[in-house]
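Residue-level listing of the chains:
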Number of protein chains: 2
Amino acid sequence: MVSKENPRPGGRSARVQAAVHQAVRDMLAGMNRADVTIPLIAQRANVTPSTIYRRWGDLQELLADVAASRLQPETEPPKTGSARNDLQAWAEQYADEMSSGAGRQMIRDVLAVSDTANAEKCCIYTQQQLRVLVARADERGEAFPTLTELMDYVVSPIMYRILFDQVPSNDCVRGLISRVMPENTD
Amino acid sequence: MVSKENPRPGGRSARVQAAVHQAVRDMLAGMNRADVTIPLIAQRANVTPSTIYRRWGDLQELLADVAASRLQPETEPPKTGSARNDLQAWAEQYADEMSSGAGRQMIRDVLAVSDTANAEKCCIYTQQQLRVLVARADERGEAFPTLTELMDYVVSPIMYRILFDQVPSNDCVRGLISRVMPENTD
DNA sequence: AACTAAAAGCAAATAATTTGCGTTAGCGCG
DNA sequence: CGCGCTAACGCAAATTATTTGCTTTTAGTT
């Protein structure tokens with residue numbers, strides 16, 4: 001029912017997980033989402049359906065697992081010269097990625113299952129990125145919002161709009177940032 | 001695939017919809033969510049499964065439809081004497097309802113399907129409620145945030161926390177409101 | 001190298017979903 | 001008022017997905 005977090009690397013369990021994840025990613029990229037089924041995934045990953053059912057429970061949990069792992073950023077926020085610009089660049093990229101069809105779908109997948117572990121992971125990933133920005137500003141002695149302020153007044157409005165309303169424009173994102181960093185005119 | 005919005009009241013279609021919605025509500029209240037299936041719902045609603053499949057497509061879409069209709073508020077925000085207190089009372093109730101197990105599940109159901117119509121409905125419902133508060137403050141000449149500010153800095157953080165993080169405490173909600181209404185000390 | 005426990009494969013049984021076709025109910029029209 | 005017309009429903013057979021008991025494989029341990 002629950003995907004193992006740390007099956008020892010190289011073990012059989014890890015190989016199956018990798019094959020299944022890869023199969024899901026391939027299929028999501030190449031076909032209608034409604035046509036992605038566990039038997040098909042199993043066939044592509046060269047495992048039997050019952051293996052998937054036993055490990056993940058159902059399609060939604062598998063999709064949530066895959067989506068959460070794809071939502072983990074692999075790089076630090078790029079440096080642009082100022083904390084403010086770092087934040088702006090990061091926020092715009094975050095909004096773009098999450099607003100895209102694939103991004104929105106991954107968020108949905110993560111939220112669809114009742115187990116909240118995957119959603120919490122997304123939140124933690126975002127906070128990790130923001131903490132880097134906060135630390136950089138701190139090192140330089142630049143004024144900067146707290147992590148909580150960034151989550152509440154930049155990340156949350158972006159995510160709400162993506163999920164419930166219209167996807168935020170770059171102007172919208174810039175406006176949110178101006179609100180938490182009013183000292184710089186921009 | 002798509003639930004009819006306005007089957008003429010009294011028609012057969014409307015009766016089936018009402019019976020199915022009722023069956024879903026009853027079952028969600030009384031049993032494990034994972035055990036709620038379309039054949040069971042059909043049995044309880046006295047329709048055949050194929051009727052449900054043809055009208056709603058699959059379980060997720062049906063649940064999303066039911067959840068959206070349950071998320072529509074049936075009353076105006078209560079009056080408390082001041083615009084600020086109205087807002088605070090409304091926000092606390094909103095946070096409570098959405099944070100509850102049933103509330104969280106309904107939001108999840110609404111977000112789970114790729115059709116965004118139901119999610120947009122939720123956003124509209126919230127904005128309708130907030131517009132009432134804005135209009136009241138306007139009538140009285142009290143200073144008050146705009147609708148957009150309320151959505152961005154009160155509703156969005158509450159919803160983000162519910163979906164991705166920990167459910168917000170009343171203190172947290174009050175803090176968010178203080179931020180958009182700093183003129184009153186409270 | 002044999003042992004063990006966890007995970008995977010296999011296949012039969014069960015359950016859900018799809019679909020073709022006949023039937024019914026509500027609606028407009030004469 | 002009654003006569004079609006159409007959209008929606010019921011029914012049942014066919015298909016597909018899911019569950020489950022049992023066996024086999026595998027990686028780690030002694």
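Because the structure is a prediction, the values reported are computed rather than measured.

## Side note on the nonpolar core
Inference 1: Judged by nonpolar contacts, the single largest core of 78 residues is most densely connected at Leu130(A), Leu163(A), Phe164(A), Leu130(B), Leu163(B) and Phe164(B).
Inference 2: Sequence-distant contacts of Leu163(A), defined by excluding residues within four places in its chain, comprise Ile107(A), Leu111(A), Leu111(B), Ala119(B), Leu163(B) and Phe164(B).

## Topic: the protein's contact with DNA strand D
Inference 1: Taken together, 19 residues lie around DNA strand D, and Arg15(A), Tyr53(A), Arg54(A), Thr51(B) and Arg55(B) are the ones closest in.
Inference 2: Interatomic distance of 3.3 Å between a side-chain N/O atom of Arg12(A) and a base oxygen of DNA strand D.
Inference 3: Going through the elements one at a time, helix 1 (12–30), helix 2 (38–45) and helix 3 (49–56) of chain A together with helix 1 (12–30) and helix 3 (49–56) of chain B are the ones with two or more residues in the surface near DNA strand D.
Inference 4: For the surface near DNA strand D, the leading source of residues is helix 3 of chain B, giving four residues.
Inference 5: Residue composition of the surface near DNA strand D, grouped by class: five nonpolar, seven polar and seven charged.

## Let's talk about the protein's contact with DNA strand C
Inference 1: Close to DNA strand C lie 19 residues, the nearest being Thr51(A), Arg54(A), Arg15(B), Tyr53(B) and Arg54(B).
Inference 2: Arg12(B) is positioned with one of its side-chain polar atoms (N or O) 3.3 Å from a base oxygen of DNA strand C.
Inference 3: If you list the elements that add at least two residues to the surface near DNA strand C, you get helix 1 and helix 3 of chain A together with helix 1, helix 2 (38–45) and helix 3 of chain B.
Inference 4: Counting residues per element, the surface near DNA strand C draws most heavily on helix 3 of chain A, at four residues.

## Overview of the pattern of salt bridges
Inference 1: On inspection of all chains with the given rule, the structure shows 18 salt bridges over all chains.
Inference 2: Arg136(A) is paired through a salt bridge with Glu76(A); the nearest N and O atoms lie 3.7 Å apart. Pair noted here: Arg136(A) is in helix 7 (residues 117–140) and Glu76(A) is in the loop between helix 4 (59–70) and helix 5 (83–99), with a separation of 60 residues, a long-range link.
Inference 3: Taking the shortest distance from any N to any O, the salt bridge between Asp26(B) and Arg44(B) comes out at 3.4 Å. Of this pair, Asp26(B) sits in helix 1 while Arg44(B) sits in helix 2, and the two are 18 residues apart along the sequence.
Inference 4: Residue classification places Arg44(B) among the partly exposed residues on the basis of a relative accessible area of 47%.
Inference 5: Here the salt bridges share partners, and the residues they tie into one network are Glu76(A), Asp86(A) and Arg136(A).

## As for the UniProt feature "DNA-binding region" (unreviewed entry) in chain A
Inference 1: In the numbering used here, UniProt assigns the feature "DNA-binding region" (unreviewed entry) to residues 37–56 of chain A.
Inference 2: Across residues 37–56 of chain A, helical content stands at 80% and strand content at 0%; the span's end C-alpha atoms are separated by 13 Å.

## Remarks on the packing of helix 1 of chain A against helix 2 of chain A
Residue and element names in this part refer to chain A.
Inference 1: Two elements in contact, helix 1 and helix 2, have axes whose closest approach is 8 Å; the angle formed by their N-to-C orientations is 115 degrees. By crossing handedness, the relation of helix 1 to helix 2 is classed as right-handed. Taking contact as the criterion, the partners of Ala19, Val20, Ala23, Val24, Asp26 and Met27 in helix 1 are, on helix 2, Leu40, Ile41, Arg44 and Ala45.
Inference 2: Grouping the amino acids of the contact of helix 1 with helix 2 by side-chain chemistry returns eight nonpolar, no polar and two charged.

## Focus: the environment of Ala117(B)
Residues and elements named next belong to chain B.
Inference 1: With respect to the helices and strands, Ala117 occurs in helix 7 (residues 117–140).
Inference 2: Residue class for Ala117 comes out partly exposed when judged on its relative accessible area of 35%.
Inference 3: Sequence-wise, Ala117 and Asp65 are 52 residues apart; in three dimensions their C-alpha atoms are separated by 9.5 Å.

## Details of the domain arrangement of chain A
Inference 1: Per the domain assignment, the segments of chain A are domain 1 (12–57) and domain 2 (83–180).
Inference 2: Each of domain 1 of chain A and domain 2 of chain A has a C-alpha centre, and these two points are 30 Å apart.

## Some thoughts on the packing of helix 5 of chain A against helix 7 of chain A
Residues and elements named next belong to chain A.
Inference 1: Where helix 5 meets helix 7, the closest approach of the two axes is 9 Å, and the angle between their N-to-C directions is 165 degrees. In terms of orientation, helix 5 and helix 7 fall into the roughly antiparallel class. Of the two elements, helix 5 crosses helix 7, and the hand of that crossing is right-handed. Facing Ala83, Asp86, Leu87, Trp90 and Tyr94 of helix 5, the residues of helix 7 in contact are Thr126, Gln129, Leu130, Leu133, Arg136, Ala137 and Arg140.
Inference 2: Here the residues of the contact of helix 5 with helix 7 are counted per class, giving seven nonpolar, two polar and three charged.

## Thoughts on helix 1 of chain B
All names here are of chain B.
Inference 1: Between the first and last C-alpha of helix 1 there are 27 Å, a value that for 19 residues agrees with the 27 Å anticipated at 1.5 Å per step.
Inference 2: Of all the positions in helix 1, only Ala14, Val16, Gln17, Val20, His21, Ala23, Val24 and Met27 are classed as buried.
Inference 3: Elements in contact with the buried residues of helix 1: helix 2, helix 3 and helix 4 (59–70).

## Remarks on the interface of chain A and chain B
A common way to express how large an interface is: the accessible area buried when the components associate.
Inference 1: Residue-level contacts link 33 residues of chain A with 33 residues of chain B.
Inference 2: Each partner contributes to the roughly 2900 Å² buried at the junction of chain A and chain B, and carbon and sulfur atoms together form 57% of this total.
Inference 3: It is Tyr160(A), Phe164(A) and Arg179(A) in chain A that bury the most area against chain B; as a group they hold 27% of the surface buried on that side.
Inference 4: At the boundary of chain A and chain B, one finds four salt bridges.
Inference 5: As a salt-bridge pair, Glu149(B) and Arg179(A) come within 3.5 Å of each other at their nearest N and O atoms.
Inference 6: The interface formed by chain A and chain B contains three residue pairs in polar contact (both at pLDDT 80 or more).
Inference 7: Within the residue set of the side of chain A that touches chain B, elements represented by two or more residues are helix 6 (101–112), helix 7, helix 8 (147–164) and helix 9 (170–180) of chain A.
Inference 8: Here the side of chain A that touches chain B gets 13 residues from one element, more than from any other, and that element is helix 8 of chain A.

The rules we used
- Every chain is numbered on its own, with residues counted from 1 as its sequence reads.
- Here the convention is simple: chains get letters from A, ligands get numbers from 1, in the order in which they are written.
- Reporting of local features is limited, given that this is a predicted model, to residues whose pLDDT is at least 70; pairs of side-chain atoms are given and counted only at 80 or more, and all residues count toward the totals for whole chains, interfaces and linings.
- The side-chain numbers reported here are obtained from all heavy atoms of the structure, hydrogens and water having been left aside.
- Buried Ala, Val, Leu, Ile, Met, Phe, Trp, Tyr and Cys residues form a nonpolar core when they are joined through side-chain atoms within 4.5 Å.
- Here the term buried applies to any residue with accessible area under 20% of the maximum for its type, exposed to any over 50%, and partly exposed to those in between, with areas from a 1.4 Å probe on protein chains only.
- Every residue pair with non-hydrogen atoms within 4.5 Å of one another is taken to be in contact.
- The cutoff for a nearby residue is simple: one of its non-hydrogen atoms must lie within 4 Å of the molecule or strand.
- Here a polar contact is taken to be a pair of N or O atoms separated by no more than 3.5 Å, where protein atoms must pair a possible hydrogen donor with a possible acceptor and residues adjacent in sequence count only if both atoms sit in side chains.
- Runs of H or I in DSSP of at least four residues are treated as helices and runs of E of at least two as strands, each being numbered from the N terminus.
- Lys, Arg, Asp and Glu make up the charged group, whereas Ala, Val, Leu, Ile, Met, Phe, Trp, Tyr, Cys and Pro make up the nonpolar group; the residues left over, Gly among them, are polar.
- The term salt bridge refers to a side-chain nitrogen of Lys or Arg lying within 4 Å of a carboxyl oxygen of Asp or Glu.
- UniProt positions are given in the numbering used here, feature names are shortened, and annotations may be inferred rather than shown by experiment.
- Lines fitted to the C-alpha atoms define the axes, with helices restricted to the stretch that makes contact. Angles between their N-to-C directions range from 0 to 180 degrees.
- Helix crossings get a hand from a simple test, with the near helix turned counterclockwise from the far one by less than a right angle marking a left-handed crossing and a clockwise turn marking a right-handed one.
- Residue ranges for the domains trace back to a domain assignment, done automatically or taken from a database.
- Each angle gets one of four labels, with under 35 degrees taken as roughly parallel, over 145 as roughly antiparallel, 65 to 115 as roughly perpendicular, and the rest as oblique.
- Here the expected length of a helix is defined as 1.5 Å per residue gap, with one fewer gap than residues.
- Note on terms: buried area is the combined drop in 1.4 Å-probe accessible area of two parts once they are placed together, counting the loss on both.

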